[in-house]
Each structure stands twice: as structure tokens, then as C-alpha cells.
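# Residue-level structural notes
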Amino acid sequence: MSKTAERYHCRDSYLVLISETFGLAAIYGEESMQSDNPTIEAATATKIQKPHPLLTFAVFSAILLVTYFPCFLHNYGILDDYYLLFLTLTKGAWCPEIVGSMMSQGRPLNLPFIALAFSSLHSINDLVYLRVIATLGTALLATLFFRHAMHVGWNRSQSFALSLLVFSQLPFQVLSGWSLVGFLGAIRIPLAYVSFFLAKYAAEKPLKSPAFAGLYLATVLALSAAMAMHQTTAMFFWIGMAQDALSPKQWEVSRRLLAVAFSAFGIACGIEYMICMWGKKDYAAYLLSDRDHLSFDILEKLQWFLAEPLTNSLNFNNLAASPYIAIAIATTIVVGLWFFIKNLEPKEWLKQRVLLLIALPVLCYTPNLIVAESWASYRTLYALSALMMLYFFCAIQGISEKLSVSKTIVTGALLASALVSLFSANQTVSAYIAEPQSKELALLRYRLSDNPSSPLLNHLNEQLTPPQDKNPFDIWKYDRKMLAPNWYESLAPDAYYDEFGRPSSARPFVAKAMVGLLRREATGANELETKHNAR
């Protein structure tokens, strides 16, 4: 095939992928999506073997809704859920506190979505709707990921197993368990992922054509928008590149594609930096410590990256991350990936492929590596954890091929592992998110309603405005556990970062919002009862 024919093959076949993924063929009709190139028609005929995108979305939705069912069974919020809901109900979604918080962090595009989400809620119990939307957003992302995995050469079973393994990991458990994080994540992660598709399609266009300019601009805008919602989340952009680079069929790569992807990424980073500087200047009162300046201590950041983010990602669904497990998985990845990639096409790109695979872990965590803050919470690990699972998946394929293990056996083992991963995710969100958070809320609700005439509420409000040199808080006992400002107390078996097992009321500003919301809840219930008795 000539270079020109190959270029149009890549372009048209990728258009087919996008068309099928978003159901455009069903809208415009199959005839309008056909190509005059017989090679492309043959490729298109092969692509039709994929499940319908709506069916794929329905399957992933059903699986993830069942997996994360504990998040919908219990009524609760986590940290900023309470704070933003209380502010929205009392001051409005565009109040200075919310605007200042988002602007100071360089995340202005969160504001309209926060307003859209929280202005529609009336109580803590309504937060469950955001968690459902978040889980459906994860299902959409899984659908896109699955279909791209099939596009690059994996069969249906392999793509399905890989998708389940990726989207049942700890970062995506946070996505379904935390209303605010999940709702926003359902928008910004797919946006970042799709921006790579735009970059790839732009690279297939003639350099001086209007189509190239338009698609390149769309790539920059989409990626910039994702960064303006959450910088680290936008690094999911690189997962599409990783899938392509590890294609078992043919890496559809060109120097132009690499140039388009890296230059668009660089421009988007520059735009986001200017947004952050604007927020730092005009909303300095809301700045968070260590997030407002860059770090130039490369060695310290590298050590931290290896010790926390990378170790956490290599432990997959293990909350108690072990460096020994991380080393074992990393060794498996290095050995297995070499067996896997050394014979992949095009062989002349082996060196570039290896360099890219080495660089991708750093690229997937770039924002957190350049700021002074060193905080490896799981909601910063969407891209890195997905990348490590993809590496591990391909490494297993490479080792099994070296050992002459049947592909059927390997695929069956991976599907079994996916089921175990889903079960583990179900148990984790139940024990570390849904149950402890709902117990904490129930305890606070009980304490406040136990004796409404007692001075407890006034005392609590006083305690929540502590002197600068103290951090007092009412200590409530529950099942021999304590809810206190101590970061390490928990109603869960253990606690990790601020996502798994941490009591929300340990943060004074959150506890005050929780009290305010429960007071509104009690007042509303009393008013309804009074009106009912009056009738």
C-alpha cells in the first residue's frame, strides 16, 4: 500500500471508529459512511462485528451500577458535597466562596457544572442522583475505551476484560462514591479522552488544509477545557496514545501525530498556566497551600512519584499499598512488555515505542509533578492507574506468548480477574465509603435531633469556630469509635487519604455545613408537619 493510500486508510478507518462509537452511522445511514476505497470497505466490514455502541453502553452501565450499588443504597455526602450543597442552598451556586475556590485552583469551567448540579438538589439525600450520573459517565468512558481497544486490534473478550479491569480500580471507585468528584469526572475524563481522537484525526489531514486547522483547534480547546476543570484528570488524554502504541495489530503512528499530540498538550498546559496565574492574582484569599506555585526539586518529586502515586497505581485494588507488590508488578510489566512489543509492527518504530512507553507514566501525572504539593489521592490517578493496568494486561499477553500458553486460557483468566476486581470494588466502596459516611451522617442527625431544646447545637457551633492555635471538636462515640478532628480516626476498618474511610466532619468547615443542612432538613420537616396538622 502506498503512503498516500495508507494515510487515507488510517483516516477513513478512524472516521468509521468515531462514527460507530457515537452512533453516527445510525443517524446518517450506513451508505453515507461508506468509502470508495475497497480496502477501507473491507476494514469497515470487519468493524461491523463490534457490538452496537448503545448495547455496549447498556452492558457497562448495568455492570457498574450493580458493582457500585452500595453508593446508591446509602444516603451520605463526602467533604465538599456538604459544603457546596450548603452554600448553594443558602447563598447560591455563584457565591464568592465557590467561585473563589474554583478560580484559585485554575478550574473555572467547574463552576457552570457545579451550578447545574447543586442548584437542582434540595437535601443531602438528593446527592445520590449525582452518583448515579457519575457511574453512567464511567460506563460511557468504558464504552469508548472498549471500542478503541477493539479498533487497535484486541478481540471482543480481551477488550471487555481490559475495560472491566481498568474501570473497577480504586480511582474509579472514588468516581462513583463521591457525588461532586464523580459528576464532574463524568464530563472531564471523557472530554480529555476524546481530545486524543481529535488529535489523531487531525494528523491524518493535509497540514495546510482547513480541516487540519479546525481539528487541531478542536483538540487544543477540548484538552484545555478538560484541564480547566481538573488538571490531572485531563491526563487521560494520553491513554488513547498508549492504546495505539500497544496495538497488537499495527501502530498507526506518524511523526505528525506525535507532533500534533505533544504540541496541543503543550499549548493546553500553557493556557491552563495562564488561567492559574489569573486565579492566583484575583482570588488570592482562596489559595490552597502548595498548589499555587511550582516545584523545581526534580529529585524529590521523582522519589515521591515512585513512592506514592506509582506504588498506589501498581497495587491496583489494594488499598494498603505495598512497595513489594508494586515492585513485583513493575518487574512483570518490564519483562512482559518487552516480550510483547519487540515483534509489533512497525518494527522500525521499536525505539520510539519504547521511549514513549517510558515517558507516558510521567506524562499521565504531569500536573502533580510540577506543583509543590505532594498529594497522591486516588482521584489524581485516573490516567496513571489505567496506564499501569494496560501495561500489565499487555505484559501478561507477552509472557503467555513466550511460554506458549493458549490465548483462550489467558483471556479466560483475565475475565475471571475482572470479576474478582468488580467484587473487590463492591466491597471496598461499601466498607470504606458508603457505610462509614452514612453512619457518620446518621450519628450527627441523631445527636442534633435527640433533644432539640438542649444547648448542644449552640455549643457545637461555637466549637466549629476554634481559635487559631486549637482545633476543638465535639467528640461523639459510636461503636467504640470516635468522630473527632483527628485525621486518623475512622468508622471504617482503616482510612486512606481523604477518600476512603475519613470522617467528613473532621473538617470544621464541612461539619458546620453538615449541621446547617441537617437544621434545614429538620426545619423543613417541622414546617410540613405543622401544615399537615393545620389541615
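Our subject in this report is the structure included herewith. Worth saying up front: this structure is predicted, and the values here are computed from it rather than measured.

### Quick notes on the overall build of the chain
- Scanning the chain for helices and strands turns up 24 helices and two strands.
- The burial tally for the chain puts 53% of its 535 residues in the buried class.
- Across the chain, the fraction of contacts at a sequence separation of at least 24, relative to all contacts at a separation of at least 6, is 78%.

### Things to note about empty space enclosed by the protein
- Within the structure shown, the criterion is met by two cavities of 30 Å³ or more.
- Each pocket or cavity is described by its volume, and for the largest cavity that value is around 40 Å³.
- Lining the largest cavity, in full, are H151, V152, K200, D244, S247, K249, Q250 and E252.
- Partitioned by chemical class, the residues of the lining of the largest cavity number one nonpolar, three polar and four charged.
- Empty space within the second largest cavity amounts to approximately 30 Å³.
- As for the second largest cavity, its lining consists of A149, V152, W154, L162, Q243, L246, L390 and C394.

### Concerning the pattern of salt bridges
- Taken as a whole and judged by the stated rule, the model has four salt bridges.
- Of the charged contacts, one joins D244 and K200 as a salt bridge, the two residues approaching to 2.6 Å between their closest N and O atoms. Separated by 44 residues along the polypeptide, D244 in helix α14 (residues 237-245) and K200 in helix α12 (residues 179-203) bring together distant segments of the chain.
- Looking at K200, the relative accessible area reads 2%, which means it is buried.

### A closer look at the packing of aromatic side chains
- This model, assessed by the stated rule, comprises 24 aromatic pairs.
- Plain terms: the ring middles of F145 and F167 are 5.5 Å apart, the flat faces sit at 85° to each other, and that makes the pair edge-to-face. Taken together, the positions of F145 in helix α9 (residues 127-151) and F167 in helix α10 (residues 156-167) put the pair 22 residues apart, joining distant regions of the chain.
- The structure contains a cluster of three or more aromatic residues connected by ring pairs, namely F145, F167, F172, Y193, F197, F236 and Y382.
- Residue placement shows R131 over the ring face of Y76; its charged tip is 4.0 Å from the ring centre.
- The ring of W304 has K301 sitting right over it, with the charged end atom 4.5 Å from the ring centre.

### Topic: unusual backbone geometry
- Along the chain, E345 connects to P346 via a cis peptide bond; the corresponding omega equals -5°.
- Note on placement: P346 falls in the loop between α18 (323-341) and α19 (350-363).
- Residue S404 is not a glycine yet carries a positive backbone phi of 60°.
- Inspection of the secondary structure puts S404 in the loop between α21 (382-402) and α22 (407-450).

### Considerations on the nonpolar core
- With 133 residues, the main nonpolar core has F118 and F236 as its most contacted residues.
- Excluding residues within four positions of it along the chain, F118 makes contact with D81, L84, L85, T88, L127, L130 and L180.
- Ranked by size, the runner-up nonpolar core spans eleven residues in total, among them A202, L215, V220 and L257.

### What to know about helix α4 (residues 53-67)
- Taking 1.5 Å as the rise per residue, α4 with 15 residues should run 21 Å; its terminal C-alpha atoms sit 21 Å apart, in good agreement.
- Those residues of α4 that sit buried are P53, T56, F60, S61, L64 and T67. Down the axis of α4, the sector holding all buried residues measures 130°, keeping them to one side. α4 presents L54, L55 and V66 as exposed residues on the side facing more than 90 degrees away from its buried surface.

### Quick look at helix α15 (residues 255-282)
- Taking 1.5 Å of rise per residue, the 28 residues of α15 would be expected to cover 40 Å, and the 41 Å separating its terminal C-alpha atoms lies within 8% of that figure.
- What α15 keeps buried is the set L257, V260, A261, A264, F265, A268, E272, I275, C276 and G279.
- As for α15, its buried residues are in contact with α7 (96-104), α12, α13 (210-227), α14, α19 and α20 (366-370).

### What to know about the packing of α12 against α13
- The N-to-C vectors of α12 and α13 enclose an angle of 160°; their axes lie 8 Å apart at closest approach. Our classification of the angle between α12 and α13 gives roughly antiparallel. Here the hand of the crossing between α12 and α13 comes out left-handed. Residues R188, L191, A192, S195, L198, A199, Y201 and A202 of α12 form the contact with α13, whose own contacting residues are F212, L215, Y216, A218, T219, A222, L223, A225 and A226.
- The residue makeup of the contact of α12 with α13, split by class, is 14 nonpolar, two polar and one charged.

### As for the environment of P53
- Here P53 is to be found in helix α4.
- Each C-alpha atom, one on P53 and one on L140, is 9.5 Å from the other, the two residues being 87 residues apart in sequence.

### A closer look at the side chain of S400
- Among the secondary structure elements, S400 is positioned in helix α21.
- In this structure, S400 is in contact with V405 and V410, ignoring residues within four places of it in sequence.

### Some remarks on a nonpolar patch on the surface
- On the surface, Y273, M274, M277, L294, F296 and I370 cluster together into a nonpolar patch covering about 630 Å² of accessible area.
- The biggest single contributor to the nonpolar patch is α15, with three residues.
- Note that L294 resides in the loop between α15 and α16 (298-307).
- The partly exposed category is assigned to L294, whose relative accessible area is 36%.

Calculation rules
- Residues numbered from 1 in each chain as written.
- Predicted model: local features only at pLDDT ≥ 70, side-chain atom pairs only at ≥ 80, totals over all residues.
- Heavy atoms only, no water.
- Helix = DSSP H or I, 4+ residues; strand = E, 2+ residues; numbered from the N terminus.
- Buried < 20%, exposed > 50% of the residue type's maximum accessible area, 1.4 Å probe, protein only.
- Contact = heavy atoms within 4.5 Å.
- 1 Å grid on protein atoms, 1.4 Å probe; cavity = no way out; pocket = protein on both sides within 12 Å on 5 of 7 lines; lining within 4 Å.
- Points joined across faces, edges and corners; volume = space filled by probe spheres on them.
- Nonpolar A, V, L, I, M, F, W, Y, C, P; charged D, E, K, R; others polar.
- Salt bridge = Lys/Arg side-chain N within 4 Å of Asp/Glu carboxyl O.
- Phe/Tyr/Trp six-rings, centres within 6.5 Å; stacked < 30°, edge-to-face > 60°.
- Lys NZ or Arg CZ within 6 Å of the ring centre and 35° of its normal.
- Core = buried A, V, L, I, M, F, W, Y, C linked by side-chain atoms within 4.5 Å.
- Expected span 1.5 Å × (residues − 1).
- Arc of directions from axis to C-beta.
- Axes fitted to C-alpha atoms, helices over the stretch in contact; angles between N-to-C directions.
- Parallel < 35°, antiparallel > 145°, perpendicular 65-115°, else oblique.
- Left-handed = near helix turned anticlockwise from the far one by under 90°.
- Patch = residues over 30% accessible without salt bridge, like charges linked within 9 Å, V, L, I, M, F, W, Y side chains within 5 Å.
- Areas by Shrake-Rupley, 256 points an atom, 1.4 Å probe, with all protein chains shown as cover.

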